[in-house]
Amino acid sequence: MSVMIERLEGMVNRYHEINEMMMSPKIVSDPKMLQKLGREQADLTNVVETYEEYKKCVQQLEEAKALLKSEEDKELREMAKMEIEELEPKTEEYLSKLEILLIPKDPNDSHNAIVEIRGAAGGDEGNIFAGDLYRMYAKYAESLGWRIEIIEMDESEAGGFALVSFMVHGDGAYGRLKFESGSHRVQRVPKTESQGRIHTSTATVLVSPEIEAEDFDIDMNDLEIETMRASGAGGQHINKTDSAVRIIHKPTGIVVKCQDGRSQHENRATALMTIRSRVYEEHQRKLEEAAGAERRSKIGTGDRSEKIRTYNYPQNRVTDHRIGYTVNQLDRIMEGRMQDLLDALISADQQAKLAGEK
């Protein structure tokens, strides 16, 4: 308990230190440092506020107990008893909440997210489902006031996408979406099916955090950068100039292509940012494997091959296999109303980490 209080006091001191730093002219004139400190402050705010409420509750409880011991008036003693009965469980609730808040956080949780969706098993139907997943995430992002920026898009003739990758700009986007990595399975009757038979198809999702250049150094000698003419639907710049950029990270074989920007310079910057995030993710995976650690958390490996969720259209049911979460609200979830599902995943991850620490 004393170790926990020591940690909390340290976090309070750091919170106040950041407040002072953010008022200094040197920091105010440095947007990147200001943003970095702002993120750290935002991460600490909930802990500091909860700790203050806990301390207030403990003080009130001690006062009520002292009153019960010293007071002779029957009515006042009864009031003190009632206050103790109310404050004791409240104090325990704050302690439980603080335990969860003190679980070491992924420093990338506050970052923007890069999401890549690919149609997998099921041919055209897998691509159509990839399009449905893209719309689901886009609507969820919109509901939070987040912004989506397309990085790469390979549309399928039958509808949907063979591949679509995009950046989700929003505070905490990666922390909210990181458990979406894996294989998503759909069970439904395809439009092309005349007999009304249910088919199973899949699409894979990969979520990476946006990584700044100063946070992860990528060797430019490891990159093969090509320029080419953009293809597919687009504005007048399409097919007129070599504006599309493809980057290959030779040691890992990771490939990123970007053509949706208005210039080669813009596409190159986006492609570099994307490949840095992908290589960082691969680097982290190898480090965790070498250390014998489970990928990202105990609720899933985060690998594309892992079947994480089934979307059953005939029964309007969504099942997340990692945490045994089932809900008959597929129509709502496909409209982007997936907050409850994401909250359940985050909660399960926290509980697993808490059990591991204990």
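Residues numbered from 1 in each chain as written. Predicted model: local features only at pLDDT ≥ 70, side-chain atom pairs only at ≥ 80, totals over all residues. Heavy atoms only, no water.

- An unreviewed UniProt entry lists the protein chain under the name Peptide chain release factor 1, with Massilicoli timonensis given as the organism.
- According to its UniProt record, the protein chain has this under Sequence similarities (unreviewed entry): "Belongs to the prokaryotic/mitochondrial release factor family."
- The heading Subcellular location (unreviewed entry) in the UniProt record of the protein chain holds the text "Cytoplasm". (UniProt positions renumbered as here; feature names shortened; annotations may be inferred.)

**Considering the packing of aromatic side chains**
Stage number 1. A full pass over the atoms with the stated rule returns 6 aromatic pairs.
Stage number 2. On the basis of an interplanar angle of 20° and a centroid distance of 6.5 Å, the ring pair of Y51 and Y54 is categorised as stacked. Of the two residues, Y51 and Y54 both sit in helix α3 (residues 31-70), 3 residues apart, roughly one turn of that helix. Each member of the pair, Y51 as well as Y54, is classed as buried.
Stage number 3. Between Y134 and F161 the ring centres are 5.6 Å apart and the planes differ by 85°, which places this aromatic pair in the edge-to-face class. Of this pair, Y134 sits in helix α5 (residues 124-143) while F161 sits in strand β3 (residues 161-169), placing them 27 residues apart in sequence. (Phe/Tyr/Trp six-rings, centres within 6.5 Å; stacked < 30°, edge-to-face > 60°. Helix = DSSP H or I, 4+ residues; strand = E, 2+ residues; numbered from the N terminus. Buried < 20%, exposed > 50% of the residue type's maximum accessible area, 1.4 Å probe, protein only.)

**Let's talk about the nonpolar core**
Stage number 1. In terms of nonpolar packing, the biggest core is built from 36 residues, with I117, L133, Y137, F166, V168, L177 and Y311 touching the most fellow members.
Stage number 2. Secondary-structure elements contributing two or more residues to this core are β1 (113-119), α5, β3, α6 (173-177), β5 (199-209), α8 (330-334) and α9 (339-357).
Stage number 3. Beyond its immediate stretch of four places on either side in the chain, F166 contacts A113, I114, V115, I117, Y134, Y137, I148, E149, I150 and I151.
Stage number 4. Core analysis: the next-biggest nonpolar cluster, separate from the first, contains 23 residues, V12, I18, C57 and L87 among them. (Core = buried A, V, L, I, M, F, W, Y, C linked by side-chain atoms within 4.5 Å. Contact = heavy atoms within 4.5 Å.)

**As for the pattern of salt bridges**
Stage number 1. Counted according to the given criterion, the structure contains 20 salt bridges.
Stage number 2. Between E40 and R14 there is a salt bridge, with the nearest N and O atoms lying 2.8 Å from each other. Of this pair, E40 sits in helix α3 while R14 sits in helix α1 (residues 2-21), placing them 26 residues apart in sequence.
Stage number 3. Note on R14: relative accessible area 26%, which makes it partly exposed.
Stage number 4. Its salt-bridge partner being K353, residue D349 comes within 3.2 Å of it at the nearest N-O pair. Here K353 and D349 lie together in helix α9, a separation of 4 residues that amounts to about one turn.
Stage number 5. For D349, a relative accessible area of 6% corresponds to the buried category.
Stage number 6. Judged by relative accessible area, K353 falls into the partly exposed class, the value being 26%.
Stage number 7. The structure contains a network of salt bridges with shared partners spanning E125, D132, R135 and R188. (Salt bridge = Lys/Arg side-chain N within 4 Å of Asp/Glu carboxyl O.)

**Examining the sheet that holds β3**
Stage number 1. Within the open sheet, the 8 strands sit side by side as β2-β3-β1-β5-β4-β9-β10-β11. Their pairing is mixed. The open sheet is flanked by β2 (147-155) and β11 (325-327), the only strands paired with a single partner. The mean angle between the axes of side-by-side strands here comes to 15°, regardless of whether they run parallel or antiparallel.
Stage number 2. As defined by bridge partners, strand β9 (residues 307-312) adjoins strand β10 (residues 317-320) across 4 bridges and the pair is classed as antiparallel. Paired with R309 across the bridge in β10 is D320. (Pairing = 2+ DSSP bridges. Axes fitted to C-alpha atoms, helices over the stretch in contact; angles between N-to-C directions.)

**What to know about the side chain of T274**
Stage number 1. As for its position among the elements, T274 is in helix α7 (residues 264-290).
Stage number 2. Sequence-distant contacts of T274, that is, excluding residues within four places in its chain, are made with I114, I151 and V256.

**Examining a negative patch on the surface**
Stage number 1. Where like charges cluster on the molecular surface, the negative patch consists of E62, E63, E83 and E86.
Stage number 2. Among the secondary structure elements, those contributing two or more residues to the negative patch are α3 and α4 (74-101).
Stage number 3. Residue placement: E62 occurs in helix α3.
Stage number 4. We classify E62 as exposed; its relative accessible area is 51%. (Patch = residues over 30% accessible without salt bridge, like charges linked within 9 Å, V, L, I, M, F, W, Y side chains within 5 Å. Areas by Shrake-Rupley, 256 points an atom, 1.4 Å probe, with all protein chains shown as cover. Lys, Arg positive; Asp, Glu negative; His and termini not counted. Charge placed at Lys NZ, Arg CZ, Asp CG, Glu CD.)

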